Amino acid sequence: MNTVEFHHGMSDKLSYACRLLRKAYKSGASVLVTGDANTLKALDRHLWVFDEQEFLPHVLAMPGQDMPARLHDTPVWLAPHGVDTQAPGQRSILVNLGPEMPDQPERFERLFEIVSLEPHDRQLGRQRWKQYEALGLQIQPHEVKE
């Protein structure tokens, strides 16, 4: 991976993440979503109700939780920073909803940063942008028009 895709400008970060995850799931990708625990818990709830016509298989993996082997093949894993490196199998896509740059971003084929219109989130997104550039990664911005 040498490009980070910054999706920015949405008012509802979690709804946008749900749509992005649905698209990734339908393409057959295996995804890891990382961020802080509260955001991931909220995303977990959103994934259960955002579309009543379909189900998006996902697992919420929290620190200290032992996940049964039968869940290892679940296509979408939600794991907070620090736990994200323990997601089983090869994950091709990383979606970051958190305030900090994820660990080992180079191990993914694609990396999506989701940044809302909220001023604090935008500021943290700018900091991550600079960190990725310092690593020599190219930034591909995608402004979301709602």
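A brief report on the enclosed structure follows.

Conventions and cut-offs
Residues numbered from 1 in each chain as written. Predicted model: local features only at pLDDT ≥ 70, side-chain atom pairs only at ≥ 80, totals over all residues. Heavy atoms only, no water. Helix = DSSP H or I, 4+ residues; strand = E, 2+ residues; numbered from the N terminus. Buried < 20%, exposed > 50% of the residue type's maximum accessible area, 1.4 Å probe, protein only. Axes fitted to C-alpha atoms, helices over the stretch in contact; angles between N-to-C directions. Parallel < 35°, antiparallel > 145°, perpendicular 65-115°, else oblique. Left-handed = near helix turned anticlockwise from the far one by under 90°. Contact = heavy atoms within 4.5 Å. Nonpolar A, V, L, I, M, F, W, Y, C, P; charged D, E, K, R; others polar. Phe/Tyr/Trp six-rings, centres within 6.5 Å; stacked < 30°, edge-to-face > 60°. Pairing = 2+ DSSP bridges.

1. Details of unusual backbone geometry
With phi around 50 degrees, Gln104 is a residue other than glycine that occupies positive phi space. By secondary structure assignment, the location of Gln104 is in the loop between strand S5 (93-96) and strand S6 (110-116). The partly exposed category is assigned to Gln104, whose relative accessible area is 43%.

2. Side note on the packing of helix H1 (residues 13-26) against helix H2 (residues 37-49)
Relative orientation of the contacting elements H1 and H2 amounts to 60 degrees, with a least axis distance of 10 Å. Considered as vectors, H1 and H2 are oriented oblique to each other. When you trace H1 past H2, the crossing you get is right-handed. Seen from H1, the contacting residues are Leu14, Ser15, Ala17, Cys18 and Leu21; seen from H2, they are Thr39, Ala42, Leu43, His46 and Leu47. Of the residues assigned to the contact of H1 with H2, the class counts are seven nonpolar, three polar and no charged.

3. Some words on the environment of Ala29
Here Ala29 lies in the loop between H1 and strand S2 (31-34). Here Ala29 falls in the buried class, since its relative accessible area comes to 11%. Separated by 46 residues in the primary sequence, Ala29 and Pro75 have C-alpha atoms spaced 7.0 Å apart.

4. Section: the packing of aromatic side chains
Applying the stated criterion across every chain yields a total of three aromatic pairs. Consider the rings of Phe6 and Trp129, whose centres lie 5.0 Å apart with planes at 45 degrees: the pair is tilted. Of this pair, Phe6 sits in strand S1 (residues 3-10) while Trp129 is found in helix H3 (residues 119-134), placing the two residues 123 residues apart along the sequence. Here Phe6 falls in the buried class, since its relative accessible area comes to 2%. Among the residues examined, Trp129 registers a relative accessible area of 27% and is labelled partly exposed. With 5.1 Å between their ring centres and 40 degrees between their planes, Trp48 and Phe55 make a pair best called tilted. Trp48 gets classed as exposed once you look at its relative accessible area, which sits at 54%. Of the residues examined, Phe55 reaches a relative accessible area of 46% and is grouped as partly exposed. Chaining the aromatic ring pairs together yields one cluster made of Phe6, Trp129 and Tyr132.

5. Looking at the pairing of S5
Both faces of S5 are covered, namely the face carrying Ile93 and Val95 and the face carrying Leu94 and Asn96. Pairing geometry for S2 and S5, over four bridges, is parallel. Across the sheet, Val31 pairs through a bridge with Ile93, a residue of S5. For S5 and S6, the ladder comprises four bridges, and the chain directions are parallel. Within the sheet, the bridge partner assigned to Val95 lies in S6 and is Phe112.

No statement about biological role is implied by the geometric values presented.
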